[in-house]
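# Chain and residue survey
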Amino acid sequence: MNVFDKAALLAAFIASTTALSLTARETASGAPGTGVADKALKTPPPVCCSWKSEPLVTNAAWTVKPPTGPEVQAVPTVFAYQGWAVQMPGSHWIGPDMYSSASSRPVGHYIYSYHFCLCSVPAGYWAAPSLSMKVLSDNEFTATLNGTAIPNGSSPWSPTFQVPTLVTSVPPAAFHPGDNLLRIDVYNSAGMTGLDVLGSITGYFWSVPNASCPGQPS
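On a predicted model such as this, the values are computed, not experimentally measured, just so you know. (Residues numbered from 1 in each chain as written. Predicted model: local features only at pLDDT ≥ 70, side-chain atom pairs only at ≥ 80, totals over all residues. Heavy atoms only, no water.)

## Topic: the pattern of salt bridges
Scanning the entire structure with this criterion turns up two salt bridges. A salt bridge links E54 to K52, with the shortest nitrogen-to-oxygen separation between them at 3.0 Å. R105 is the salt-bridge partner of D97, the closest N and O atoms lying 2.8 Å from each other. Judged by its relative accessible area of 23%, D97 is partly exposed. (Salt bridge = Lys/Arg side-chain N within 4 Å of Asp/Glu carboxyl O. Buried < 20%, exposed > 50% of the residue type's maximum accessible area, 1.4 Å probe, protein only.)

## Things to note about the environment of V57
Structurally, V57 can be placed in strand β1 (residues 49-57). According to the relative accessible area criterion, V57 is buried, its value standing at 15%. Counting along the chain gives 77 residues from V57 to K134, while the straight-line C-alpha distance between them is 9.5 Å. Among all residues touching V57, those that are not within four sequence positions of it are W62, G90, S91, V197 and L198. (Helix = DSSP H or I, 4+ residues; strand = E, 2+ residues; numbered from the N terminus. Contact = heavy atoms within 4.5 Å.)

## Looking at the nonpolar core
Counting residues in hydrophobic clusters, the biggest one holds 28 residues, and the most contacted among them are L56, W62, M133, L182, I184 and L195. For this core, the secondary structure elements donating two or more residues are β6 (108-118), β7 (130-138), β8 (141-145), β11 (178-188) and β12 (194-206). In this structure, L182 is in contact with L56, W62, Y112, S113, Y114, L131, M133, T144, L145 and I150, ignoring residues within four places of it in sequence. Counting seven residues, the second-largest nonpolar core is a separate cluster that includes W84, W93, F161 and M192. (Core = buried A, V, L, I, M, F, W, Y, C linked by side-chain atoms within 4.5 Å.)

## Regarding the environment of V75
The topology assignment puts V75 in strand β4 (residues 75-76). Using a relative accessible area of 25% as the deciding quantity, one classes V75 as partly exposed. Residues V75 and W62, 13 residues apart in the sequence, show an inter-C-alpha distance of 8.4 Å. Non-local contacts of V75, meaning those with residues more than four positions away in its chain, are made with W93, I94, G95, P96, D97 and M98.

## Observations concerning the packing of aromatic side chains
Here the structure, examined in full by the defined rule, presents five aromatic pairs. Aromatic ring contacts, followed pair by pair, group W62, Y114, F116 and F175 into a single cluster. (Phe/Tyr/Trp six-rings, centres within 6.5 Å; stacked < 30°, edge-to-face > 60°.)

## Focus: the confidence of the model for the protein
Looking at the protein, pLDDT values average 78 and 71% of them are 70 or higher. The element-level mean pLDDT for the protein is lowest in helix α1 (residues 3-28), coming to 41, with strand β2 (residues 63-65) highest at 97. Counting contacts from residues 6-41, a segment whose pLDDT is below 50, to residues more than four positions away or on other chains yields nine contacts. (pLDDT = per-residue confidence, 0-100.)

## Considerations on the pairing of β11
For β11, the tally of buried residues reaches eight of eleven residues, placing the bulk of the element in the interior. In this sheet, β11 lies alongside β6 in antiparallel orientation, the contact comprising eleven bridges. Of the residues in β11, the one forming a bridge with Y112 is I184. Across five bridges, β8 lies against β11 in antiparallel orientation. Pairing of L145 across the sheet is with L182, part of β11. (Pairing = 2+ DSSP bridges.)

Below, the structure written as structure tokens:
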């Protein structure tokens, strides 16, 4: 093989190597026509987390702080006040005790709390958590998520215990990785008081059985 043949063979080898390298890079990056989806580049969610929608209903998982006295576990009411709407499907009217719908309770703020745990959004994924709910309350209510106000349109003059108030405008930045706290402040102006919520929360939920939520005390 003469010098010219060797040079031609070397040039052909370099060209084929360069082509293979470019093809490999295109395939790894999900270039058009390679059949590789963009998700191949994303970091998969950790096994402890799963994207799902969880029901949000008022039940014994909530706590309530009455105007006076300590925070207590919320209790489904036994008797619904006749002026109230029927409890929403799968949910309950709740209060500081089972008779809060049957007789007068102190005037003031009843602060209901509900905790849920979310994971961080995995790298490369765009999926903002969301929350929507319908609220019945006696009397008007305000709501916050991790201290961020949630617009709801409730007012002392609206029949919040007869017609549910739909709440959907929850700022995505209000959600935190780890423990999240939803608070609903119901102001009782007189007589009976209670809260009924029906909705859902969607996001990457921490789903390790018997394990504490990161950022939440064990």
